[in-house]
Amino acid sequence: MLFFFTFLIALTMVHCAHYDYGEYDRTRDDFRPGTFPDGFIWSTATASYQIEGAWNVDGKGESIWDRFSHTPGKVDRGDTGDVACDSHNKYREDVQLMKAMGLKYYRFSLSWPRIFPDGTVAGGVNQAGVDYYNNVIDELLANGITPMVTLYHWDLPQALQDRYGGWVNEEIVEHYDNYATFAFQTFGDRVKYWLTFNEPMVLCSLGYTSGEHAPGIHDPTSVSGLSCGHTLLKAHARAWHTYNTTFRQLQGGKVGIALSLLWAEPRDPDLPADVSATDRAMQMINGWFAQPIFGDGDYPNVIKETVQKLKSQLTEVPEFTDEDKSLIHGSADFLGVNHYSSRITSDKPIDIQTQSVFESFQMTTAPEWPRGQSDWLFAVPWGLRRLLKYIKEHYGDPDVYITENGWSDGDVQPPVMEDTGRICYYMTYIDEVLKAIEEDQVKVRAYTAWSFMDNFEWTRGYTERFGLHYVNFTDSNRPRTPKQSASFYKDVIANNGFPKGAEVTRIVQDMWEQCRGSDTVKEEL
Ligand SMILES: *[C@@H]1O[C@H](CO)[C@@H](O)[C@H](O)[C@H]1NC(C)=O
Ligand SMILES: *[C@@H]1O[C@H](CO)[C@@H](O)[C@H](O)[C@H]1NC(C)=O
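Residues numbered from 1 in each chain as written. Chains lettered and ligands numbered in written order. Predicted model: local features only at pLDDT ≥ 70, side-chain atom pairs only at ≥ 80, totals over all residues. Heavy atoms only, no water.

As named in an unreviewed UniProt entry, the protein is Cytosolic beta-glucosidase-like, taken from Branchiostoma floridae. The annotation that UniProt attaches to the protein under Sequence similarities (unreviewed entry) is "Belongs to the glycosyl hydrolase 1 family." (UniProt positions renumbered as here; feature names shortened; annotations may be inferred.)

Student: How should I be thinking about the site of ligand 2 in this particular structure?
Tutor: Around ligand 2, the neighbouring residues are Pro-415, Tyr-470, Asn-472, Thr-474 and Asp-475. Interatomic distance of 2.3 Å between a side-chain N/O atom of Asn-472 and an oxygen atom of ligand 2. Contact distances for ligand 2 include 3.3 Å between an oxygen atom and a side-chain N or O atom of Asp-475. Each residue belonging to the shell around ligand 2 can be placed in one class, and the counts come to two nonpolar, two polar and one charged. (Near = heavy atom within 4 Å. Polar contact = N/O pair within 3.5 Å; in protein donor to acceptor, adjacent residues only side chain to side chain. Nonpolar A, V, L, I, M, F, W, Y, C, P; charged D, E, K, R; others polar.)

Student: Just checking my understanding: could you explain the pairing of strand E8 (residues 335-338) for this structure?
Tutor: On any regular strand, side chains alternate: one points to one face of the sheet, the next to the other face. Here E8 shows a buried face lined by Leu-335 and Val-337 and a second buried face lined by Gly-336 and Asn-338. In terms of strand pairing, strand E6 (residues 254-260) meets E8 through four bridges, oriented parallel. Across the sheet, Ile-257 pairs through a bridge with Leu-335, a residue of E8. Pairing of E8 with strand E11 (residues 400-404) involves four bridges; the strand directions are parallel. The partner of Gly-336 across the bridge, within E11, is Tyr-401. (Buried < 20%, exposed > 50% of the residue type's maximum accessible area, 1.4 Å probe, protein only. Helix = DSSP H or I, 4+ residues; strand = E, 2+ residues; numbered from the N terminus. Pairing = 2+ DSSP bridges.)

Student: What should I look at first to understand the pattern of salt bridges in this one?
Tutor: If charged atoms from side chains of opposite charge come close, those side chains can pair. Under the defined criterion, the tally for this structure stands at 39 salt bridges. One salt bridge in this structure joins Asp-189 and Arg-190, with 3.0 Å as the shortest N-O distance. What makes Asp-189 partly exposed here is its relative accessible area of 49%. You can call Arg-190 buried: its relative accessible area is 19%. One salt bridge connects Lys-483 with Asp-454, and the closest N-O pair in it is separated by 2.8 Å. On the criterion of sequence distance, the pair formed by Lys-483 in the loop between strand E16 (480-482) and helix H16 (484-495) and Asp-454 in the loop between strand E13 (444-450) and strand E14 (464-465) is long-range, its members being 29 residues apart. (Salt bridge = Lys/Arg side-chain N within 4 Å of Asp/Glu carboxyl O.)

Student: Please explain the site of ligand 1 as it appears in this structure.
Tutor: Surrounding ligand 1, one finds Trp-240, His-241 and Asn-244. The separation between an oxygen atom of ligand 1 and a polar side-chain atom of Asn-244 is 2.4 Å. Protein chains shield 30% of the accessible area of ligand 1, which is 360 Å² for the free molecule. (Areas by Shrake-Rupley, 256 points an atom, 1.4 Å probe, with all protein chains shown as cover.)

Student: What should I look at first to understand the sheet that holds strand E10 (residues 361-364) in this one?
Tutor: Read from one edge of the open sheet, three strands run E7-E9-E10, paired in mixed fashion. In this open sheet, the two edge strands, each paired with only one partner strand, are strand E7 (263-266) and E10. Neighbour-to-neighbour, the strand axes of the sheet open up by a mean angle of 40°, direction not taken into account. Relative to strand E9 (residues 342-347), helix H11 (residues 272-294) is tilted by about 125°, and along the sheet it contacts E7, E9 and E10. (Axes fitted to C-alpha atoms, helices over the stretch in contact; angles between N-to-C directions. Contact = heavy atoms within 4.5 Å.)

Student: Is there a simple way to think about the pairing of E13 in this case?
Tutor: Counting buried positions along E13 gives six out of seven residues, so the element sits mostly inside the fold. The pairing of strand E2 (residues 41-45) with E13 spans five bridges and is parallel. Residue Thr-44 lies in a different strand from E13, and its bridge partner there is Ala-449. Where E11 lies against E13, three bridges are found, and the strand directions are parallel.

Student: Is there a simple way to think about the state of the cysteines in this case?
Tutor: As used in these notes, a disulfide is a covalent bond between sulfur atoms, one from each of two cysteines. Inspection of the entire model under this criterion finds two disulfides. Across the disulfide, Cys-424 is cross-linked to Cys-515 (sulfur-sulfur distance 1.9 Å). Since a negative S-S torsion denotes a left-handed disulfide, the Cys-424-Cys-515 link at about -85° is left-handed. Taken as a pair, Cys-424 in helix H15 (residues 420-438) and Cys-515 in helix H17 (residues 503-517) lie far apart in primary sequence, 91 residues in all. With respect to burial, Cys-424 and Cys-515 carry one shared label: buried. With cysteine numbering restricted to those in disulfides and following the sequence, the protein has the pairing 1-2, 3-4. (Disulfide = S-S within 2.5 Å.)

Student: Any chance you could explain the nonpolar core here in plain terms?
Tutor: Taken as a class, soluble globular proteins show a tendency for nonpolar side chains to be buried jointly. Trp-167 and Tyr-489 are the most contacted members of the largest nonpolar core, which totals 156 residues. By size, the runner-up hydrophobic cluster in this structure holds nine residues, among which are Tyr-105, Tyr-193, Leu-195 and Ala-446. (Core = buried A, V, L, I, M, F, W, Y, C linked by side-chain atoms within 4.5 Å.)

Student: Just checking my understanding: could you explain the sheet that holds strand E5 (residues 193-198) for this structure?
Tutor: Note: strands within a sheet are paired through backbone hydrogen bonds, in either parallel or antiparallel orientation. The sheet built from eight strands closes into a barrel, its strands ordered E2-E3-E4-E5-E6-E8-E11-E13 with parallel pairing. Averaged over all pairs of adjacent strands, the angle between strand axes in this sheet comes to 25°, irrespective of strand direction. Against the sheet, helix H9 (residues 200-208) engages strand E4 (146-152), E5 and E6, with an angle of about 45° to E6. Strand contacts of H15: E2, E11 and E13, with the helix running at about 170° to E13, the strand carrying the most contacts.

Student: Is there a simple way to think about the side chain of Thr-242 in this case?
Tutor: Tracing the backbone shows Thr-242 in helix H10 (residues 223-251). On the accessibility criterion, Thr-242 (13% relative accessible area) is buried. Among the polar contacts made by the side chain of Thr-242, one reaches the side chain of Asp-177 at a distance of 2.7 Å. With residues near it in sequence (within four places) discarded, Thr-242 still touches Asp-177, Thr-181, Phe-184 and Phe-247.

Student: Got a minute to help me understand the environment of Thr-463 in this structure?
Tutor: Its location among the elements puts Thr-463 in the loop between E13 and E14. Take Thr-463: its relative accessible area is 18%, and that puts it in the buried class. Considered as a pair, Thr-463 and Glu-432 are 31 residues apart in the sequence and their alpha carbons are 29 Å apart. Here Thr-463 is in contact with Asp-76, Arg-77, Asp-79, Gln-373, Asp-409, Gly-410 and Asp-411, once residues within four sequence places are set aside. A polar atom in the side chain of Thr-463 sits 2.7 Å from the backbone oxygen of Arg-460.

Student: Looking at this structure, I do not really get helix H4 (residues 87-100). What am I missing?
Tutor: Spacing of three or four residues puts side chains on the same side of an α-helix, whose turn is 3.6 residues. Within H4, the axis deviates most sharply at Glu-93, by approximately 35°. Every buried residue of H4 is listed here: Ser-87, His-88, Lys-90, Tyr-91, Asp-94, Val-95, Leu-97 and Met-98. Residues of H4 that are buried in the fold lie against helix H2 (48-51), strand E3 (105-109), helix H5 (112-115), helix H6 (127-142), strand E15 (469-471) and E16. Of the residues one or two after H4, Gly-102 is the one with positive phi, at around 80°. (Bend = angle between axes of the 7 residues up to and from the residue.)

Shown next as structure tokens:
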């Protein structure tokens, strides 16, 4: 899931009244029928801590999210991932539901402490954990579903947190590389798509700056957050080179990284101050990780300037040597994009002496943007197309896999099963992907809906539901029920988009008008 730095969240709540979003692109919101290129990947995603449960079963070690959610006051209603969707037991049923939707791909993550309970190879491998993932992978393949595996989706072994202080300490790189090597070795005969990390920006800013996420480190100076990012980039590059050198020839897979990328639109495109503020925001939020890997191999200037200012407070200055740069630059076979929302950005003058460049812009939303249950989630489909074009132009025209995109409803009674808001969101965002491919020639290879089912939404616990399937968390069997969006997405997959001139076009066109014309989305909230 995507979040922003805390100060951005606070600013988000201010609506901007002066923004005329239709003024300079009148066809922007038109529906474009058409099908996706042959072989386009349609997928859904989950993550280990959010769905597996079985937190202390079969030899699994404690993760930082186990520790964090067990700490009173950290998660809404005191929810934990102890049971979650119980996918540790119910993965066969999940695979059958995927098959029923016609899904051919599934993105999920490995829990590092389920495989190495204390995070290290020396501490010993937990065979039961390895067996579990072998079973999941085999079950998927037996049902014609290709696994796409995230190595790290936030559940660090607690032992590594205790021993090293987590991602601020570069000693962890070695352990991560050992873990990645083991995963390539053990599962790589069957797994051909890998993601090293999920959303480093989010994990470093919420885990090591605001402290809202595990491991809960609150450091408003940004020193910990920047160190975390520095370590992650090195760990990512190490794992990619390990794969490239040792496994690629034999296994023939691809290794990428999933970055949470935001689209920022200048409040006034004719005002140079707003345009440059928007550029700073894009560099800071997206470029922090995208530029070292997909750009010139180094941090964007806004990050470098911040590091210079903080130098006196840093023990290890996060700056790359030439060797680091050459290892990091180009260390991805594709760019995984987790994208949910956009912001309108304007300039905010700062005192250069006392304030950080991070504070030099201000972000808002437009009143007409429908909002999901999550306070940061506003539906701005055209933002995705602009982001994709930006990626093509700024990050070397990489193969792009959209690795997350989705919409939240509340945990209400009766549950939202006719989830029009989610259908509208998927329909409009997917159509923008089609425009990006056909009109802007962006090399988008995959689209992944977040999420396959309702699950543990981090600090929001089970209060925000992102699933194509409803999960009843008060029932010990955790029954899953497809929502209307599951059947909508099933049709999109079966048709490989919205075929021109077909009946489906008419139906989608009608829905499109409804989504745009009515207040359905707002009513649902
Ligand atoms: C990846 O591995 C291939 C084959 O060993 C090698 O030729 C190439 O230089 C490696 N790429 C990088 C960026 O190190
Ligand atoms: C969820 O499960 C509980 C316990 O079995 C049941 O009472 C409740 O009706 C279920 N809710 C829904 C929406 O199915």
